[in-house]
Amino acid sequence: MSSEGRGDTGLLRWLRDRLVEPRLAGIDLDSDERITVHRRILLEKRMFQRVMREFYQLCMDLDTRYLAGDGDRVELGAGTSLFKHFFPGIISTDVKAAPHLDRVTDALHMPFPDASVRAFYAIDCFHHFPDPEGFFGELERTLVPGGGCILIEPYHGPLARQIYARLFDTESFDPNQRGWSGQAATIGVMRGANQALSYVLCTRDRSTFQARHPDLSIRLEFPLDNYVRYLASGGLNFRPLVPAALEPALRLCELLLRPLKRLLALHHVIVLRKVGIPTGQP
């Protein structure tokens with residue numbers, strides 16, 4: 001959807017264009033080059049690295065608290081991720097090949113045996129899956145009883161809706177999307193994604209999801225509170241808004257604003273668990 005179609009003002013378009021990371025100019029988002037450039041940007045942005053490490057640690061903490069069973073731990077849609085750097089035991093995968101990843105994996109056709117995976121971690125990639133039904137079917141097939149999937153996705157609060165609706169020309173934020181399937185299957189993995197997909201499935205259509213996938217339970221959903229630093233860092237696609245030296249002050253802002261995180265958060269986490277008792281447990 002174009003910026004005009006989203007109702008962007010000329011000022012917003014001008015500001016966004018000025019803040020875009022210049023090294024991404026002219027790069028095909030679906031190319032291997034995009035992963036290389038994004039990886040370089042991530043390694044340079046210390047504040048953004050720390051935000052991402054908090055995401056990784058959260059995944060591991062939620063795994064320990066809510067999931068069970070023996071099996072592999074797999075990161076999906078890893079892209080530029082440093083997850084494996086901090087937690088070497090995981091299998092790091094993406095639909096694109098890269099030297100720092102363990103294997104190429106399509107989340108809709110995963111190369112893992114039945115009941116062989118304890119946990120999948122998917123950070124900012126679920127909304128790019130063109131067929132959520134196919135993905136959930138793969139979770140049901142590959143997860144051990146008691147295992148699960150931890151999603152970190154764009155949130156749907158008031159601030160998030162405004163930002164995500166205007167952030168990219170290649171993605172949208174449409175909480176009223178009909179059905180669950182996206183456009184990425186026909187126009188590219190990184191294009192046509194609906195950043196509101198996790199809201200559509202786990203909030204708007206939650207009862208439908210549970211009826212269609214009774215073997216998967218939504219155990220937990222909550223907004224995250226590191227949004228000030230995430231936004232200020234510029235992420236992978238934009239220039240930093242403030243110097244990294246201001247990170248302590250930004251952390252203080254996040255602490256003070258914590259009661260408002262359902263209004264201001266940019267991401268939320270969802271824990272899906274496969275029903276059943278893990279083998280060897282009473």
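Analysis parameters
- Residues numbered from 1 in each chain as written.
- Predicted model: local features only at pLDDT ≥ 70, side-chain atom pairs only at ≥ 80, totals over all residues.
- Heavy atoms only, no water.
- Core = buried A, V, L, I, M, F, W, Y, C linked by side-chain atoms within 4.5 Å.
- Buried < 20%, exposed > 50% of the residue type's maximum accessible area, 1.4 Å probe, protein only.
- Helix = DSSP H or I, 4+ residues; strand = E, 2+ residues; numbered from the N terminus.
- pLDDT = per-residue confidence, 0-100.
- Contact = heavy atoms within 4.5 Å.
- Axes fitted to C-alpha atoms, helices over the stretch in contact; angles between N-to-C directions.
- Parallel < 35°, antiparallel > 145°, perpendicular 65-115°, else oblique.
- Salt bridge = Lys/Arg side-chain N within 4 Å of Asp/Glu carboxyl O.
- Polar contact = N/O pair within 3.5 Å; in protein donor to acceptor, adjacent residues only side chain to side chain.
- Pairing = 2+ DSSP bridges.
- Right-handed = clockwise from strand over helix to strand, strands pointing away.

1. Focus: the nonpolar core
Right, on to step 1. Ranked by internal contacts, the top residues of the largest apolar core, which has 45 residues, are Phe55, Leu62, Phe83, Tyr121, Ile123, Ile150 and Ile152.
Right, on to step 2. Elements represented by at least two residues in this core include exactly α2 (32-44), α3 (46-66), β4 (117-123), β5 (143-154), α6 (158-167), α10 (227-233) and β9 (267-274).
Right, on to step 3. The dominant element in this core, judged by the number of residues it contributes, is α3, at eleven residues.
Right, on to step 4. Core analysis: the second largest hydrophobic core is formed by 30 residues, Leu108, Ala122, Cys125 and Ile218 among them.

2. A look at the confidence of the model for the protein
Right, on to step 1. Chain-level pLDDT for the protein is 91 on average; 91% of the residues reach the 70-or-more range.
Right, on to step 2. Segment residues 1-5 is flagged for pLDDT under 50; beyond a separation of four residues in sequence, or across chains, it makes eight contacts in the model.

3. Digging into the packing of α2 against α3
Right, on to step 1. Two elements in contact, α2 and α3, have axes separated by 5 Å at closest approach and are oriented at 95 degrees. On the basis of the axis angle, α2 is roughly perpendicular to α3. Contacts between α2 and α3 pair Leu42, Leu43 and Glu44 from the former with Arg46, Phe48, Gln49 and Met52 from the latter.

4. Remarks on the pattern of salt bridges
Right, on to step 1. Inspection of every chain in the model, using the stated rule, returns 16 salt bridges.
Right, on to step 2. Between Arg73 and Asp63 there is a salt bridge, and its shortest N-O distance comes to 2.9 Å. Here Asp63 lies in helix α3 and Arg73 lies in strand β1 (residues 72-76), a separation of ten residues in the sequence.
Right, on to step 3. A relative accessible area of 29% places Arg73 in the partly exposed class.
Right, on to step 4. A salt bridge links Arg204 to Asp205, with the nearest nitrogen and oxygen atoms 2.9 Å apart.
Right, on to step 5. Overall, the relative accessible area of 14% leaves Asp205 in the buried class.

5. Brief notes about the environment of Tyr155
Right, on to step 1. Within the fold, Tyr155 resides in the loop between β5 and α6.
Right, on to step 2. Under the relative-accessibility criterion, Tyr155 is labelled buried at 3%.
Right, on to step 3. Here the alpha-carbon distance between Tyr155 and Phe222, two residues 67 residues apart in the chain, equals 9.1 Å.
Right, on to step 4. Contacts of Tyr155, omitting those with residues within four sequence positions, involve Ala160, Tyr164, Phe173, Glu221, Pro223, Lys261, Arg262, Ala265, Leu266, His267 and His268.
Right, on to step 5. A distance of 3.2 Å separates polar atoms of two side chains, one belonging to Tyr155 and the other to Arg262.

6. What to know about helix α8 (residues 197-204)
Right, on to step 1. The buried count for α8 comes to six of eight residues, which makes it a mostly enclosed element.
Right, on to step 2. Of the residues making up α8, those classed as buried are Leu197, Ser198, Tyr199, Val200, Leu201 and Cys202.

7. Comments concerning the sheet that holds β9
Right, on to step 1. The seven strands are arranged β3-β2-β1-β4-β5-β9-β8 in an open sheet whose pairing can be described as mixed. A strand with exactly one partner marks an edge of an open sheet, and here the two such strands are β3 (103-104) and β8 (216-223).
Right, on to step 2. Along the sheet face, α8 touches β5, β8 and β9 and points at about 55 degrees away from the line of β9.

8. What about the environment of Lys261?
Right, on to step 1. The topology assignment puts Lys261 in helix α12 (residues 261-264).
Right, on to step 2. For the pair Lys261 and Leu159, spaced 102 residues apart in sequence, the C-alpha separation works out to 9.9 Å.
Right, on to step 3. Apart from the residues within four sequence positions on either side, Lys261 is in contact with Tyr155, Pro223, Asp225 and Tyr227.

9. Here we look at the pairing of β4
Right, on to step 1. Counting buried positions along β4 gives seven out of seven residues, so the element sits mostly inside the fold.
Right, on to step 2. In this sheet, β4 lies alongside β1 in parallel orientation, the contact comprising five bridges. The residue of β4 that forms the bridge with Glu75 is Tyr121.
Right, on to step 3. One ladder, built from six bridges, connects β4 with β5; its direction is parallel. Among the inter-strand pairings, Val117 is bridged to a residue of β5, identified as Leu143.
Right, on to step 4. Crossover β4 to β5 through helix α5 (residues 132-142) is right-handed.

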